[in-house]
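Each chain, written out:
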Amino acid sequence: MSTPKKVLGIFKPGSTHWVGDGFHVRNLFPSNGIGDEISPFLMLDYAGPTRVSPSPNPRGVGEHPHRGFETVTIAYQGAVEHRDSAGHSGTIYPGDVQWMTAASGVVHEEMHEHEFARKGGTFEMVQLWVNLPKAHKMSRPRYQTLASQNIPVVQLGPAGYARVIAGEFSGVKGPAQTFTPVNVFDVRLKGGTQTELTLPAGHNTAVVLLKGDVVVNSTEQLEGEAQIALLSSEGERIPLDVKEDTTLLVLSGEPIHEPVVSYGPFVMNTREEILEAVADYQAGKMGHLEAKVSH
Ligand code: MN
């Protein structure tokens, strides 16, 4: 018989800050103290919703490196352009996801899409960092654009639906290729409904409230915006009860039981590997972006 996952704690953002000049984010971990309990996830920034005023020059975050993990960008409102030193580029619009595997190292930039920047509008996005196991930290960089129409939708009866970005829900597989078992679901629930999600026992698990309200396990209440409930790896069921229309990001993953040493955009297993990452970046071994072609 399946048992509910226990709520270990409910957390607010630990910091609010700008990433470059384009992304005003609330950090939902690790700045609030959530760490190993959510392995293999390393970081979650919730950008916006923010009103962006029209500008001929797109804002964002310019050329910077990453090594040792993956950056996953989920667009809710507005649009983001990405390009990197491995020759990958792409634009994502609401409903789309970019899954960028930095692995051995890339230099990239993340900007508001130029038409969005020119017209202005509301911007809302999540960036999630997913750790790589030691065996894949120095793999070749990879880039997956997960277009909205390729992200399957699982209906939750009258309660709403779940979009399966990565992993598997109710026998439906998401399009993201991952290095370790990971589930990422975009869940939309209608006000005044109840539902129940089932996630694997043994997975570290979190329910992130982006908008609305939710009661988890009939007792633990999250309200407003930008809160996270950390759940036990034991158990499978997550009963959810919402009063308002609600947007949740549900995460689970098999923990990676390896040391984590992080320094800004580099996440490795040892201090020596961090020093090597800094040296490799400075020596240009992660490449550079081509000069920008003007539109
Ligand atoms: Mn980046």
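The structure we're discussing is the one just above.
All values reported here derive from a predicted model rather than from experimental measurement.

Asker: Can you lay out the overall build of the protein for me, pointing to particular residues and giving the numbers?
Answerer: Of the regular secondary structure elements, the protein holds two helices and 26 strands. Rg of the C-alpha trace for the protein: 19 Å, near the compact-globule value of 19 Å for 295 residues, within the 12% margin. In terms of principal-axis extent, the alpha carbons of the protein reach across some 55 × 45 × 35 Å. Burial statistics for the protein: of 295 residues in total, 54% are counted as buried. Sequence separation of 24 or more characterises 72% of the internal contacts of the protein that already satisfy a separation of 6 or more.

Asker: Talk me through the nonpolar core; I want residue IDs and the actual numbers.
Answerer: Core analysis: the largest hydrophobic core is formed by 30 residues, its most contacted members being Trp99 and Val184. One finds Leu156, Leu231, Ile238 and Leu240 within the second-largest nonpolar core, a separate group that totals 24 residues.

Asker: Lay out the coordination of the manganese ion in plain terms, naming residues and giving numbers.
Answerer: Around the manganese ion, the donor atoms from the protein are His64 (NE2), His66 (NE2), His108 (NE2) and Glu110 (OE), and they sit 2.1 to 2.3 Å away. Mapped onto the polypeptide sequence, the residues donating to the manganese ion form the spacing pattern H-x1-H-x41-H-x1-E. Taken as a pair, His66 in strand β5 (residues 60–66) and Glu110 in strand β10 (residues 106–112) lie far apart in primary sequence, 44 residues in all. Of the residues examined, His66 reaches a relative accessible area of 3% and is grouped as buried.

Asker: Which residues make up empty space enclosed by the protein, and what values do they have?
Answerer: Summed over the entire model, instances satisfying the criterion amount to one cavity of 30 Å³ or more. Roughly 30 Å³ of volume is contained in the largest cavity. The greatest single-element share of the lining of the largest cavity, amounting to three residues, is contributed by strand β9 (residues 97–101). Here the residues of the lining of the largest cavity are counted per class, giving three nonpolar, five polar and one charged.

Asker: Tell me what's going on with the layout of surface pockets, and back it up with residues and numbers.
Answerer: One number sums up the size of the largest pocket: a volume of about 640 Å³. Counting residues per element, the ones that place at least two in the lining of the largest pocket are β2 (15–19), β3 (23–29), β4 (41–52), β5 and β11 (121–131). When its residues are assigned to classes, the lining of the largest pocket shows 18 nonpolar, 13 polar and five charged.

Asker: Describe in detail the sheet that holds strand β23 (residues 237–242), supporting the description with residues and values.
Answerer: Here we have four strands laid out as an open sheet, ordered β18-β23-β20-β21, and antiparallel in their pairing. Pairing within the sheet leaves two strands with one partner each, and these edge strands are β18 (193–198) and β21 (220–223). Neighbouring strand axes in the sheet, compared pairwise and without regard to direction, differ in orientation by 25° on average. As paired strands, strand β20 (residues 213–216) and β23 are joined by two bridges and run antiparallel to one another. Residue pairing across strands places Val216 opposite Leu240, the latter belonging to β23.

Rules used in this analysis
- Residues numbered from 1 in each chain as written.
- Predicted model: local features only at pLDDT ≥ 70, side-chain atom pairs only at ≥ 80, totals over all residues.
- Heavy atoms only, no water.
- Helix = DSSP H or I, 4+ residues; strand = E, 2+ residues; numbered from the N terminus.
- Rg over C-alpha atoms; globule rule 2.2 N^0.38 Å.
- Buried < 20%, exposed > 50% of the residue type's maximum accessible area, 1.4 Å probe, protein only.
- Contact = heavy atoms within 4.5 Å.
- Core = buried A, V, L, I, M, F, W, Y, C linked by side-chain atoms within 4.5 Å.
- Donors = N, O, S within 2.8 Å, 3.2 Å for Na, K, Ca; no water.
- 1 Å grid on protein atoms, 1.4 Å probe; cavity = no way out; pocket = protein on both sides within 12 Å on 5 of 7 lines; lining within 4 Å.
- Points joined across faces, edges and corners; volume = space filled by probe spheres on them.
- Nonpolar A, V, L, I, M, F, W, Y, C, P; charged D, E, K, R; others polar.
- Pairing = 2+ DSSP bridges.
- Axes fitted to C-alpha atoms, helices over the stretch in contact; angles between N-to-C directions.

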